[in-house]
Amino acid sequence: MPTTDLIPMLPYILLSLPLLHLLYTHTSNPLRLIPAAHPLAPWTSLWIAYIRWRGRENATLKDAHARYGAVVCLGPREVSVNCVVGGIREVYAGGFAKGEEGGEEGRGEGFNWYAFFGNYGGIPNMFSTGANKPHSTRKRMLSNIYSKSTILSSPPLLTSTHRILATRFLPLLATPPPPFTPTPSTPTILNITPIINAATMDIVTAYIFGLASSSNLLQKTDELMWFLDLYNSRRSFNFWPQEFPRVTAWVGGWWRLVPRWVDEANGGIERWTLGMCEGAAGVVEALQEKREGGETTVEVQDVPVVYQQLSTSIAKDVSKKTASPSNNDDVTETIKLTVASELLDHLAAGFDTSSITLTYAIHELSTHPAIQSELRRELLSLTSPPSSLPPPKTIDALPFLNAVVHETLRLHPAIPGPQPRVTPPQGCKLGDGSSGVLGGGGEYYVPGGVRVSASAGLLHMNEEVFEEPEEWRPERWLGKEGLSKEGKRWFWAFGSGGRMCIGSHLALYQMKYILYSLYTTYATSIVDDTGIEQIDAYTAPPASDQLIIKLTKV
Ligand code: HEM
């Protein structure tokens, strides 16, 4: 055929090129062999992006795993796993990074879903860092102060927790001001959720910054409302910057996908955190003077445990990297913002997740009065002087309280959504070839650079592991052995592996003490739990952000 005869066919040839390319990439993609959550999933990532944009990801994954098994394909470069063997054990215990390794200072390159959690204009922190090496350097700086043995024996933490519960939390419950009481004439009926938010924030920031420099949201109601308004209203604007950061930045020049006030809200929270850092820095200086023989006194509860440890370690790290700093002010500013970015993440991660869990614990206890009485019996069996709390180790060892907290974390994990990681360059095998529900189903090769995730909200619903998983049953954690061995492997509220929650012991500590204070003083019952269902998101508070309960003095 003469070449000129081909000219009329040119548009058709050009049009078919993208289709041929799509066909080629599909047939050469090993992910096409994995059961697909939707017919479009192996062909395009637009389907799962649309599901995320609609806020339907958790529900969609639940349905997909129920239909197609433990490993499902969500996109041409994405899979979800819902099993231990060939699933969380490989991905999380196996140390898959959050973003591809490499990049500037080994911080990772390519897409990193967590980069969005950087603060102060993208300064990374432990949680947001993509690559494993810089992450583990940072984690080593902090692991000791968040370890179980340190938390359970920390005088600053115990003293500040006691002060916060005895002088702020219980008095607030006794006479709650208007924003907490829907009808001021009935002060025993109150919205417990913001009070719990305030209590967890005050305890977490007291451990981080010391009581004198921390938040006092339980007593400063206006500040609490200001903070919660900023914090909660940003939630619905995560999609674009988190899933499509480059598009968001590119389009941002002429069309804002995220309203300006979200940036302003972030700025407000950042300045608030810097204020606490400055207070803590003053206390660290005073401690230094004291060590050098000065007169200064610092009360035990005012020691900024986390701030002190982190600022010292980061200062060493930064000065090591900048051997001859050209500008000392720049170095000081870098240290200040690096510390603040890290600690802002801790206070946000710490207050939000713990208060979600506590809201559900109170909801469940209020709808299960017999279990509430059983818990109160156990708590009241402790004897402690009226002016102090029972010792942390005693509280920690209470079996029924422990069961109530863990069963709530199982049924209502504060982070039920997918925790994305990236498969290593050499690829991996997911699933374990077995057919049972406990195994990973078929075994599949997954190449490097693929987004893979598991979700606590799905792992905790396996009926082979947790009998009647939709039921809240603290007793499944009791008995001689406690939860079954299999149950322990599938319990994933704090994640697992190197990127597991660093604050889990602090979280358990404060949740147990808050429940102790509440239930040794009051009985709770539900007045209005409309909207108590968890939203479909990574971190999932109640849809209504509130729980109205009645308190009755015991
Ligand atoms: C009930 C309370 C809590 C729950 C359910 C929870 C859950 C989790 C989970 C599932 C992760 C891993 C997330 C992922 O990789 O996508 C995580 C990480 C983290 N959590 Fe928590 N958390 C809680 C309380 C706290 C507290 C009190 C702190 C305060 C320090 C905290 C600080 C962190 C940090 C800094 C990370 C990142 C760890 C790393 O990158 O190595 N969390 N948390």
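Residues numbered from 1 in each chain as written. Predicted model: local features only at pLDDT ≥ 70, side-chain atom pairs only at ≥ 80, totals over all residues. Heavy atoms only, no water.

### Structural notes on unusual backbone geometry
In the Ramachandran plot, Y120 falls in the positive-phi region, its phi being about 55° despite a non-glycine side chain. Relative to the elements of secondary structure, Y120 occurs in the loop between α5 (84–93) and α6 (132–146). Overall, Y120 belongs to the buried group, its relative accessible area being 12%. Of note in this structure, E468 is not a glycine but carries a positive phi near 40°. Mapped onto the fold, E468 is located in the loop between α19 (456–459) and α20 (485–490). With a relative accessible area of 44%, E468 lands in the partly exposed category. (Helix = DSSP H or I, 4+ residues; strand = E, 2+ residues; numbered from the N terminus. Buried < 20%, exposed > 50% of the residue type's maximum accessible area, 1.4 Å probe, protein only.)

### Concerning the sheet that holds strand β3 (residues 189–191)
Judged by pairing direction, the sheet is antiparallel, and its three strands sit side by side in the order β3-β9-β8 without closing on themselves. The strands lining the two open edges of the sheet, one partner per strand, are β3 and β8 (522–528). Strand-to-strand twist across the sheet, computed as the mean angle between neighbouring axes with direction ignored, equals 35°. Sheet topology note: the β8/strand β9 (residues 548–553) ladder contains six bridges and is antiparallel. When the sheet's bridge partners are listed, I526 is paired in β9 with I549. (Pairing = 2+ DSSP bridges. Axes fitted to C-alpha atoms, helices over the stretch in contact; angles between N-to-C directions.)

### Observations concerning helix α21 (residues 504–519)
Under the 1.5 Å per step criterion, the end-to-end length of α21 is 22 Å for 16 residues, consistent within 8% with the ideal 22 Å. Taken across its 16 residues, α21 has 15 buried, putting it largely inside the fold. (Expected span 1.5 Å × (residues − 1).)

### Section: the packing of aromatic side chains
Aromatic ring pairs are reported here in terms of the distance separating the ring centres and the angle at which the planes meet. Considering all chains together, one arrives at 21 aromatic pairs under this definition. Measuring from centroid to centroid gives 6.2 Å for Y50 and W53, while their planes differ by 35°, and the two rings are tilted. Of this pair, Y50 and W53 both sit in helix α3 (residues 46–53), three residues apart, roughly one helical turn. Relative to F244, the ring of F239 has its centre 5.8 Å away and its plane inclined at 65°; by these criteria the two rings are edge-to-face. Taking the relative accessible area as the measure of exposure, F239 reaches 14% and is therefore buried. Grouped by ring-pair contacts, the aromatic residues W113, Y114, F116, F117, F127 and Y538 constitute a single cluster. (Phe/Tyr/Trp six-rings, centres within 6.5 Å; stacked < 30°, edge-to-face > 60°.)

### Description of the coordination of the iron atom of the ligand
Exactly one donor from the protein chain reaches the iron atom of the ligand: C501 (SG), at 2.3 Å. Mapped onto the fold, C501 is located in the loop between α20 and α21. (Donors = N, O, S within 2.8 Å, 3.2 Å for Na, K, Ca; no water.)

### So, the site of the ligand
Lining the immediate environment of the ligand, one finds 30 residues, of which Y114, H135, K139, C501 and Y538 sit closest. One nitrogen or oxygen atom from the side chain of Q419 is found 3.5 Å from an oxygen atom belonging to the ligand. Y538 places a side-chain nitrogen or oxygen 2.6 Å from an oxygen atom of the ligand. At the level of elements, α6, α15 (328–367) and α21 are the ones that each hand at least two residues to the shell around the ligand. In terms of residue count, the dominant contributor to the shell around the ligand is α15 (seven residues). Broken down by class, the residue content of the shell around the ligand amounts to 15 nonpolar, ten polar and five charged. (Near = heavy atom within 4 Å. Polar contact = N/O pair within 3.5 Å; in protein donor to acceptor, adjacent residues only side chain to side chain. Nonpolar A, V, L, I, M, F, W, Y, C, P; charged D, E, K, R; others polar.)

### Quick word on the pairing of strand β1 (residues 71–75)
Among the five residues that make up β1, five are buried, leaving the element largely enclosed by the rest of the structure. If you look at the hairpin formed by β1 and strand β2 (residues 78–81), you'll find two residues sitting between the two strands.

### Structural notes on the UniProt feature "binding site: heme" (unreviewed entry) in the protein chain
In this structure's numbering, the residues bearing the UniProt feature "binding site: heme" (unreviewed entry) are C501. Judged by relative accessible area, which is 35%, C501 ranks as partly exposed. (UniProt positions renumbered as here; feature names shortened; annotations may be inferred.)

### A look at the pattern of salt bridges
On inspection of all chains with the given rule, the structure shows 19 salt bridges. When the shortest N-O distance is used, the salt bridge between R168 and D202 registers 3.1 Å. Taken together, the residues span a long stretch of sequence, with R168 in helix α8 (residues 155–174) and D202 in helix α9 (residues 192–209) at a distance of 34 residues. Judged by its relative accessible area of 10%, R168 falls in the buried class. K512 is the partner of D396 in a salt bridge, and the nearest nitrogen-oxygen pair spans 3.3 Å. Separated by 116 residues along the polypeptide, D396 in helix α17 (residues 392–396) and K512 in helix α21 bring together distant segments of the chain. Residues joined by salt bridges that share partners form a network here, namely R52, E57, E78, E243 and R451. (Salt bridge = Lys/Arg side-chain N within 4 Å of Asp/Glu carboxyl O.)

### Quick notes on the environment of T524
Examined against the element boundaries, T524 turns out to sit in strand β8. For T524, a relative accessible area of 5% corresponds to the buried category. Expressed as a C-alpha distance, the spacing of T524 and H363, which sit 161 residues apart in the sequence, is 8.7 Å. Excluding its chain neighbours within four sequence positions, the residues that come into contact with T524 are I362, S366, Q372, L518, Y519, I549, K550 and L551. (Contact = heavy atoms within 4.5 Å.)

### Observations regarding the sheet that holds strand β7 (residues 451–453)
Overall, mixed pairing links the four strands, which are arranged β1-β2-β7-β4 in an open sheet. Taken across any chain shown, the strands that pair with only one partner, and hence form the sheet edges, are β1 and β4 (421–422). By the bridge criterion, two bridges tie β4 to β7 in an arrangement that is antiparallel. Looking at β7, one finds that V422 is bridged to R451.

### Description of the environment of Q426
With respect to the secondary-structure elements, Q426 resides in the loop between β4 and β5 (428–430). Separated by 295 residues in the primary sequence, Q426 and A131 place their C-alpha atoms 16 Å from one another.

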